[in-house]
Amino acid sequence: MNSGKNVMSRIEESELARKIKELRSKLGLTQEQFAAKVGVTFSTVNRWENGKGKPSPLAMRQIEELMERT
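Residues numbered from 1 in each chain as written. Predicted model: local features only at pLDDT ≥ 70, side-chain atom pairs only at ≥ 80, totals over all residues. Heavy atoms only, no water.

Asker: Please explain the nonpolar core as it appears in this structure.
Answerer: Note that soluble globular proteins tend to have their nonpolar side chains buried in a common cluster. Counting residues in each nonpolar core, the largest one holds 13 residues, and the members touching the most others are Ile20, Phe34, Val38, Trp48 and Ile63. Broken down by element, this core gets its largest block of residues, 4 residues, from helix 4 (residues 57-69). (Core = buried A, V, L, I, M, F, W, Y, C linked by side-chain atoms within 4.5 Å. Buried < 20%, exposed > 50% of the residue type's maximum accessible area, 1.4 Å probe, protein only. Helix = DSSP H or I, 4+ residues; strand = E, 2+ residues; numbered from the N terminus.)

Next up, the structure:
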């Protein structure tokens, strides 16, 4: 039952930063627009993409939902 959960949480932080930027680009969103969809600030998305932080579990769920839609 838990086989597909937290796919992104197993990815290394540098890979996570790349994946987030790739997803945002694929969706055609600015960092500000992506932040609004995920429910965080622009600066938070900027930190994620620069490998200076990682999403909270709640933000990660939002990102995973966006990934499923692409």
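So much for the structure itself; the text now carries on.
Asker: I'm lost on the packing of helix 2 (residues 31-38) against helix 3 (residues 42-49) in this one. Help?
Answerer: Between helix 2 and helix 3, the shortest axis-to-axis distance is 8 Å and the interhelical angle comes to 105°. Considering the angle they form, helix 2 stands roughly perpendicular to helix 3. Residues Gln31, Glu32, Phe34, Ala35 and Val38 of helix 2 form the contact with helix 3, whose own contacting residues are Phe42, Val45, Asn46, Trp48 and Glu49. The residue makeup of the contact of helix 2 with helix 3, split by class, is 6 nonpolar, 2 polar and 2 charged. (Axes fitted to C-alpha atoms, helices over the stretch in contact; angles between N-to-C directions. Parallel < 35°, antiparallel > 145°, perpendicular 65-115°, else oblique. Contact = heavy atoms within 4.5 Å. Nonpolar A, V, L, I, M, F, W, Y, C, P; charged D, E, K, R; others polar.)

Asker: What exactly am I supposed to notice about helix 3 here?
Answerer: Thr44, Val45, Trp48 and Glu49 are the residues of helix 3 that are buried. For helix 3, the angular spread of buried residues about the axis comes to 135°, placing them on one side. Tucked inside the fold, the buried residues of helix 3 contact helix 1 (13-26), helix 2 and helix 4. Gly51 occupies a position one or two residues after helix 3 and carries a positive phi of about 70°. (Arc of directions from axis to C-beta.)

Asker: Would you mind showing me how to read the pattern of salt bridges here?
Answerer: Side chains bearing opposite charge may pair, as long as their charged atoms lie close to each other. Enumeration over the complete set of coordinates arrives at 4 salt bridges. With its nearest N and O atoms 2.6 Å apart, the salt bridge here joins Arg18 to Glu15. You can see Arg18 and its partner Glu15 sitting in helix 1, 3 residues apart, about one turn around the helix. Since its relative accessible area comes to 29%, Glu15 is described here as partly exposed. (Salt bridge = Lys/Arg side-chain N within 4 Å of Asp/Glu carboxyl O.)

Asker: Can you help me understand the environment of Lys37 in this one?
Answerer: Its place among the elements puts Lys37 in helix 2. Residue class for Lys37 comes out partly exposed when judged on its relative accessible area of 49%. Separated by 29 residues in the primary sequence, Lys37 and Leu66 place their C-alpha atoms 8.8 Å from one another.

Asker: In this structure, what is going on with the packing of helix 1 against helix 4? I would like to understand it.
Answerer: For the pair helix 1 and helix 4, the least separation of the axes is 11 Å and the interaxial angle reads 50°. Relative to helix 4, the element helix 1 is oriented oblique. The element helix 1 and its partner helix 4 pack so that their crossing is left-handed. Contacts from Leu16, Ile20 and Leu23 in helix 1 reach Met60, Ile63, Leu66 and Met67 in helix 4. Grouping the amino acids of the contact of helix 1 with helix 4 by side-chain chemistry returns 7 nonpolar, no polar and no charged. (Left-handed = near helix turned anticlockwise from the far one by under 90°.)

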